[in-house]
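# Commentary on secondary and tertiary structure
This is what each chain is made of:
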Amino acid sequence: MRSSLRAATSALYLLWITMAQVAGQDDREKTTALKDLLSRIDLDELMKKDEPPFIFPKTLEEFEYAFNEHGQLRHIKTGEPFVFNAREDLHRWNQKRYEALGEIITEYVYELLEKDCNLTKAILPVDATEHEPTSFIYLSPDALSNPSKLLVLIQGSGVVRAGQWARRLIINQDLDSGTQIPFIKRAMKEGYGVMVLNPNLNYLEVEKPTKSSPIHSPAEVSDEPAEKRERKDEQEGKKKREFYEKYRNPQKEAETERIPIRENGSSEEHVLYVWDHFVSKAAAKNVFIMAHSYGGLSFVELMNQRELQVKNRVCAVALTDSSHNIWLQETSKGTQDWMFQYCCNWVSSPEPLDTQLDSMLLDCPRVSAGTERHELTSWMSFESIFRFFTEALKAKEEEEAEENAKTVTTRSSSFKNKHQDL
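Description of the structure in this document. Owing to the predicted nature of the structure, the values given are computational and were not obtained by experimental measurement.

### Here's the deal with the overall build of the chain
- Check the secondary structure of the chain and you find 15 helices and 13 strands.
- When burial is assessed residue by residue, the chain has 39% of its 422 residues classed as buried.
- The contacts in the chain between residues at least 6 apart in sequence include a share of 72% that link residues at least 24 apart.
- With the model as given, the accessible surface of the chain reaches about 25000 Å², and the carbon-plus-sulfur share is 52%.

So, in structure tokens, the structure goes:
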């Protein structure tokens, strides 16, 4: 930006000198001289900006931000909330800065899960070798041994990692609304074991080694028609030119490649893997699942793959603005009936919290989350979800007690009949 100002100042200075020099000339000569000067000034070049390097702080302290006693992110000097547009007209740089802060937030939440919630990491795959990429989930001390209740938390898609519902809320609102920590603490207080899934950590991203372009043999050349390939290359080149022409010194990003994590390469794979290796082996008689957004789709896919197991183990499922679709996911009639009885979906709506809403798909009841903001549906439904779980467990226990009473009555009657026959 400074160099742009210097260039503009120099140009104006040159213009002023030239005008002074032609002051004694007639109007025609003045006009000719000014046109010649302006033709030598590249106005487009003057308007270009210097894009700063993508070098950002590595800690909250270096960013000069901290969470206050209310869990709100504030500048340590001004006390102001986070400002996205730290530099005007540099959207890409501001976005990169935001993403760098987001990575720090992720590590900060991991630390809270371990220190404040007393959770521990479990590495995935469980039989990972030393050199392959891995993921992990978080477990409470009694996640596998609690004989009564287990709560499984599944977030939506995107950049959020274990323990987060929405990065935007953590940065712009507070930790309570954006993380799963309130749910974890409440669940542990009410006697649940807890599993915190990590469905978006699906690959290891590594920088591609710098190398010269290989010479392709005829067999390696794309089968795509030459005309179509040229048209595509031209379009891509135009996009790059349009972007880079905005800056005098555009920053180039390193090329990367993604190495998928075995059996955890997608949210759906991850949820299925955790079910097979952790949830299904847990001692809890009653499993409760809470899934937000794409996490709901992943849960429905789990039902498609493990329908009988889910029906036998899961007591209730709370969804928040779930993106599942029973028709597109080709669920069975048995799954649809079970979901209608044991699931509830809190969706974004202007209606008051827990208001019953109509649904085009008869898969599970839909109620209002009391907010029209998608990312807030989990937090706004907090109390309602735990009440839903409590009522579901109570109903199940009453049903089991009734079945036990019937069994006792039947056995007693059978015993009396045999005694009379004797």
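### Some thoughts on the sheet that holds strand 6 (residues 192–196)
- What the nine strands build is an open sheet, ordered 3-4-6-5-9-10-11-13-12; its pairing is mixed. Strands with a single pairing partner mark the edges of an open sheet, and in this sheet they are strand 3 (120–124) and strand 12 (356–357).
- Its contacts with the sheet place helix 11 (residues 294–305) against strand 5 (149–154), strand 9 (286–292), strand 10 (314–320) and strand 11 (343–347), and it is angled at close to 135° to strand 9.

### A few points about the state of the cysteines
- Applying the stated criterion to the full structure yields zero disulfides.
- This cysteine, Cys344, is not joined by any disulfide, and Cys364 carries the nearest cysteine sulfur, 6.9 Å off.

### A closer look at the packing of aromatic side chains
- Following the criterion strictly, the structure yields 20 aromatic pairs and no others.
- Three or more aromatic residues joined by ring pairs make a cluster, and in this case those are Trp165, Phe183, Tyr192, Phe288, Trp346, Trp379, Phe382, Phe386, Phe388 and Phe389.
- Its end group placed over the ring of Tyr110, Lys121 keeps NZ or CZ at 5.7 Å from the ring centre.

### Brief notes about the nonpolar core
- Leu151 and Phe389 are the most contacted members of the largest nonpolar core, which totals 54 residues.
- Considering every element that reaches this core, the biggest residue donor is helix 5 (residues 91–115), with 10 residues.
- When sequence neighbours within four positions are dropped, the list of residues in contact with Phe389 reads Leu151, Tyr192, Phe288, Ile289, Ala316, Val317 and Ala318.

### Describing the pattern of salt bridges
- For the coordinates displayed, the defined rule picks out 16 salt bridges.
- For Lys96, the salt bridge identified is with Glu99, shortest N-O distance 4.0 Å. One end of the pair is Lys96 and the other is Glu99, both in helix 5 and three residues apart, which spans about a single turn.
- Its relative accessible area of 22% is what places Lys96 among the partly exposed residues.
- Residue Glu99 is classed as partly exposed on the basis of its relative accessible area of 32%.

### Concerning the pairing of strand 4 (residues 135–139)
- Counting buried positions along strand 4 gives five out of five residues, so the element sits mostly inside the fold.
- The alternating pattern of strand 4 places Ser135, Ile137 and Leu139 on one face and Phe136 and Tyr138 on the opposite face, and all of these are buried.
- Where strand 3 lies against strand 4, five bridges are found, and the strand directions are antiparallel. Within strand 4, the residue paired with Leu124 across the bridge is Ser135.
- For strand 4 and strand 6, the ladder comprises two bridges, and the chain directions are antiparallel. When the sheet's bridge partners are listed, Tyr138 is paired in strand 6 with Val196.

### Considering the packing of helix 10 (residues 267–277) against helix 11
- Here helix 10 crosses helix 11 at 55°, and the two axes come no closer than 9 Å. What the angle tells us is that helix 10 and helix 11 run oblique. The way helix 10 lies across helix 11 gives a crossing that is right-handed. Here Ser267, Glu268, Val271, Leu272 and Trp275 of helix 10 come into contact with helix 11, specifically with Tyr294, Leu297, Ser298, Glu301, Leu302 and Gln305.
- The residue makeup of the contact of helix 10 with helix 11, split by class, is six nonpolar, three polar and two charged.

### A short note on the environment of Gln95
- Take Gln95: it is sitting in helix 5.
- Each C-alpha atom of the pair Gln95 and Phe84 lies 7.7 Å from the other, and the pair is 11 residues apart in sequence.

### A closer look at the environment of Glu268
- Checked against the element boundaries, Glu268 lands in helix 10.
- Since its relative accessible area comes to 22%, Glu268 is described here as partly exposed.
- With near-sequence residues (within four places) excluded, Glu268 lies in contact with Tyr294, Leu297, Ser298 and Glu301.
- A polar contact of 2.6 Å, which involves the side chain of Glu268, links it to the side chain of Tyr294.

### Description of the packing of helix 11 against helix 13 (residues 333–342)
- Two elements in contact, helix 11 and helix 13, have axes separated by 10 Å at closest approach and are oriented at 130°. Judged by the inter-axis angle, helix 11 sits oblique to helix 13. For helix 11 against helix 13, the interelement crossing comes out right-handed. For the pair helix 11 and helix 13, the contacting residues are Phe299, Val300 and Met303 in the first and Thr335, Trp338 and Met339 in the second.

Conventions and cut-offs
Residue positions are counted from 1 within each chain, in the order its sequence is given. Side-chain atom pairs in this predicted model are given and counted only at pLDDT of 80 or more, local residue features only at pLDDT of at least 70, and totals for whole chains, interfaces and linings cover all residues. Derived side-chain values reflect all non-hydrogen atoms in the structure, with water molecules and hydrogen atoms excluded from consideration. For helices the rule is a DSSP run of H or I covering at least 4 residues; for strands it is a run of E covering at least 2, with both sets numbered from the N terminus onward. Exposed residues in this analysis have more than 50% of their type's maximum accessible area, buried residues have under 20%, and partly exposed residues fall in between, with area computed by a 1.4 Å probe over protein chains only. What makes two residues a contact is simply this: any of their non-hydrogen atoms within 4.5 Å. A 1.4 Å probe and the Shrake-Rupley method give the accessible areas. Residues count as covered only by the protein chains that appear here. A pair of strands is considered paired only if DSSP assigns at least 2 bridges between the two. Only the stretch in contact is used when fitting a helix axis, every axis being a line fitted to C-alpha atoms; angles between N-to-C directions are given from 0 to 180 degrees. We call a pair of cysteine sulfur atoms a disulfide whenever their separation is within 2.5 Å. Under the pairing criterion, centres of Phe, Tyr and Trp rings, with the six-membered ring standing for Trp, must be within 6.5 Å; the plane angle then separates stacked pairs below 30 degrees from edge-to-face pairs above 60, leaving the rest tilted. We call a charge positioned over a ring when the NZ of a Lys or the CZ of an Arg lies within 6 Å of the ring centre and within 35 degrees of the ring normal. Throughout this description, the term nonpolar core refers to a set of buried Ala, Val, Leu, Ile, Met, Phe, Trp, Tyr and Cys residues connected via side-chain atoms within 4.5 Å. Criterion for a salt bridge: a side-chain nitrogen of Lys or Arg within 4 Å of a carboxyl oxygen of Asp or Glu. Note that the term roughly parallel is reserved for angles under 35 degrees, roughly antiparallel for angles over 145, roughly perpendicular for angles of 65 to 115, and oblique for everything else. Take the far helix as the reference: if the near one is turned anticlockwise from it by less than a right angle, the crossing is left-handed, and if turned clockwise, right-handed. Asp, Glu, Lys and Arg are counted as charged, while Ala, Val, Leu, Ile, Met, Phe, Trp, Tyr, Cys and Pro are counted as nonpolar; the rest, among them Gly, fall into the polar class. In the analysis that follows, any N or O atom pair within 3.5 Å is treated as a polar contact, provided that within protein one partner can donate a hydrogen and the other can accept it, and provided that, for residues neighboring in sequence, both atoms belong to side chains.

Any link to function would need more than the numbers given here.
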